[in-house]
Amino acid sequence: MKHFLTILGHEIRMLLVTASTYVAAVLFLALMGAIFTGLLESYTTTAQETPPSAVFFQLFWVPVFFMVPLLTMRCFAEERRLGTLETLFAAPVSATEVVLGKFGAAYLLYLSLWGATGGFFWILRHYASDPRLLDPGPLVGGYVFIALSGLLFVALGVWMSSLTRNQGVAALLTFVLVVLVVWGPAVALDNFAVLRLDSMRPLREALDYAQVFRHLDDFTRGVADMRALLFHLSGASLALIFTVFSLEAKRLHT
Amino acid sequence: MPAQPDNSAVPAIEVRDLVKTYGGITAVSRVNFAVARGEIVGFLGPNGAGKSTTMRILTGCMPATSGYAAVCGLSVAAQSEEVKRRIGYMPENNPLPEDMRVSEYLHYRGRLKEISRKKLGPRLDEVLERCDLKRVRHRIIGTLSKGYRQRVGIAECILAEPPVIIMDEPTIGLDPRQILIVRDLIASLRGRMAVVISSHILPEIEMTCDRVLIINQGRIVAQGTPDQLRRDLLGGARYELELAGPDAGLATLLAGIEPTLKISAAHAPGDDGFRRLTLTTTSTTELGEPLWRALTAGGGRRLRGLTRIRPSLEEVFLAATGQNWDAERKAS
């Protein structure tokens, strides 16, 4: 793993000189700012039971759906389009180092963009006189959830990027997969009557276990469920292993 | 497995019975060759002959179906990482990242090739100087001309001073001046690094390479120095002369010099009475002097030009690939 830091540093630099990173950052912060402003306005007109941070993180999926594809679509698709992947693998580096380096860079950027939303809460704390608006429990829980779920979402984006040489296709595949992961289990449980049969109990339980919104609720309530931790970590690891397989398969069969 | 120490007696590249098949098609079929240390070898062959596949197998980018390939005595299949440390590779079309600066890119590649930070700075300066890239070191690669891009690719290849350099079509798409620069750059590596280059520009291969390998339909059909190949594949010799005077007795005169010497082409005489004749023979003996003496010894003939024609590498190449094709056709 001695090239991991070299590749990570290079990938961070490349992300910082790429227009799509800034498009994703501006869109993300503008959208999150608008959401936060709307939330605060609703709190000024009507009394609410939950703190603003809990509601804010409930909407995590809105930026994730476009930000993750924009951050990860270039990872391998661009290298495959230009043919530079062959030059990269002609150096003494392993596919695992390359995948982890690219994943690490995209994930760090994802975290730093979410980290920037901490400024919203700082402004709120600075100007609002009511300390109940800033309950630290849901705030910390929400950020832990974002960091944890981000591992899975970014890993899925990196995997999709390794399947095609077209960045647009990679972004679309990532969008579909992230939507499926976020909404899929809840939609399936609500709409498929067949899942209510007794024989379908294991599948129903598996889908219930995979509900990302339930993980978020747990974290914002201060419950650190190991099953949720395992779900996101194992999902991310699997996606990265599939990325390594995808790169190796292309090397072997082209 | 620990890497064996490099031994200068071991060839830089050794390939034995190499086979690569894709989906039932044999791209490389029992290829055998070796490249000595410091030797520059040209890899010739028509499109789809198996040049790029062989090169990619040697660099560890692609596994072989069977056979043995070694770089500096290290098996490409078993010690791929060690082999990659000993190879500088420029793939076909020289893919480069579009949005990096030249020095940034070379610095990144240097780190990947495990050059220490301390050595990398001076080495980068040296390579930039050598490839005449100093003026463009801060330019974005995507904005560079083709010639500069090729030089960036070559700079990357030689950066870690590997004992083996493999370049797939390094001069494709370059103008004659740029070809000259790249050719000089490659020639300057002679003796220090073993270089394998593939190209379609045959005069360039002839001028740069010590030895030529001709591959066709996945097989090595000829190998040797250009002169050896001329002798082996074309045999004989051709002479071109400008002669004035009577034709009568000329054929007998030529047969007296060498029985196989014949007129193969004759142009119409010009206003001054001289005409151009092409003579061919299967003999490899030098016949220039006997020809000159015989044709100027009287009989009303006047000779004003006599040249032994050196067959071009194109002719050698066509002969090698044509023979191979004929053999394949007969076999089938």
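So, here is what we can say about the structure in this document. (Residues numbered from 1 in each chain as written. Chains lettered and ligands numbered in written order. Predicted model: local features only at pLDDT ≥ 70, side-chain atom pairs only at ≥ 80, totals over all residues.)

Some thoughts on the overall build of chain A
Move 1: Scanning chain A for helices and strands turns up 13 helices and zero strands.
Move 2: Secondary structure elements of chain A occur, N-terminal to C-terminal, as α-α-α-α-α-α-α-α-α-α-α-α-α.
Move 3: Its C-alpha atoms give chain A a radius of gyration of 20 Å, within 12% of the compact-globule value 18 Å for 254 residues.
Move 4: Considered along the principal axes of its C-alpha atoms, chain A spans approximately 60 × 50 × 30 Å.
Move 5: Counting every position in chain A, which comprises 254 residues, the buried fraction comes to 39%.
Move 6: In chain A, of all internal contacts separated by at least 6 residues, the share reaching a separation of at least 24 is 80%. (Helix = DSSP H or I, 4+ residues; strand = E, 2+ residues; numbered from the N terminus. Rg over C-alpha atoms; globule rule 2.2 N^0.38 Å. Buried ≥ 20, exposed ≤ 12 C-beta atoms within 10 Å, placed from the backbone. Contact = placed C-beta atoms within 7 Å.)

What about the interface of chain A and chain B?
Move 1: Across the contact, 16 residues belong to chain A and 21 residues belong to chain B.
Move 2: Counted by class, the side of chain A that touches chain B contains eight nonpolar, six polar and two charged residues. (Nonpolar A, V, L, I, M, F, W, Y, C, P; charged D, E, K, R; others polar.)

Re the sheet that holds strand β9 (residues 211-216) of chain B
All names here are of chain B.
Move 1: Read from one edge to the other, the open sheet built from six strands follows the order β6-β7-β8-β3-β9-β10, with strand pairing classed as mixed. The sheet terminates laterally at β6 (87-90) and β10 (219-224), the two strands that pair on one side only. Geometrically, the sheet is characterised by an average inter-axis angle of 15 degrees between neighbouring strands, direction not taken into account.
Move 2: Its contacts with the sheet place helix α8 (residues 226-234) against β9 and β10, and it is angled at close to 115 degrees to β10. (Pairing = 2+ DSSP bridges. Axes fitted to C-alpha atoms, helices over the stretch in contact; angles between N-to-C directions.)

As for the environment of B:S103
Residue and element names in this part refer to chain B.
Move 1: In this structure, S103 sits in helix α3 (residues 102-112).
Move 2: Given 17 C-beta atoms within 10 Å, S103 falls into the partly exposed group.
Move 3: As a C-alpha pair, S103 and L133 span 30 residues in sequence and 9.3 Å in three-dimensional space.
Move 4: Setting aside residues no more than four positions away along its own chain, S103 makes contact with L124, R137 and H138.

Comments concerning the sheet that holds strand β11 (residues 237-244) of chain B
Residue and element names in this part refer to chain B.
Move 1: Spatially, the four strands line up as an open sheet ordered β12-β13-β11-β14, and their pairing is antiparallel. Each edge of the open sheet is held by one strand with a lone partner, namely β12 (262-266) and β14 (302-309). Looking at each pair of strands side by side, their axes are set apart by 25 degrees on average, direction ignored.
Move 2: Relative to β14, β11 is paired through seven bridges, and the arrangement is antiparallel. Each residue of the ladder has a partner; that of A244, found in β14, is R302.
Move 3: Across the sheet, helix α10 (residues 288-295) is in contact with β11 and β14; its angle to β14 comes to roughly 165 degrees.

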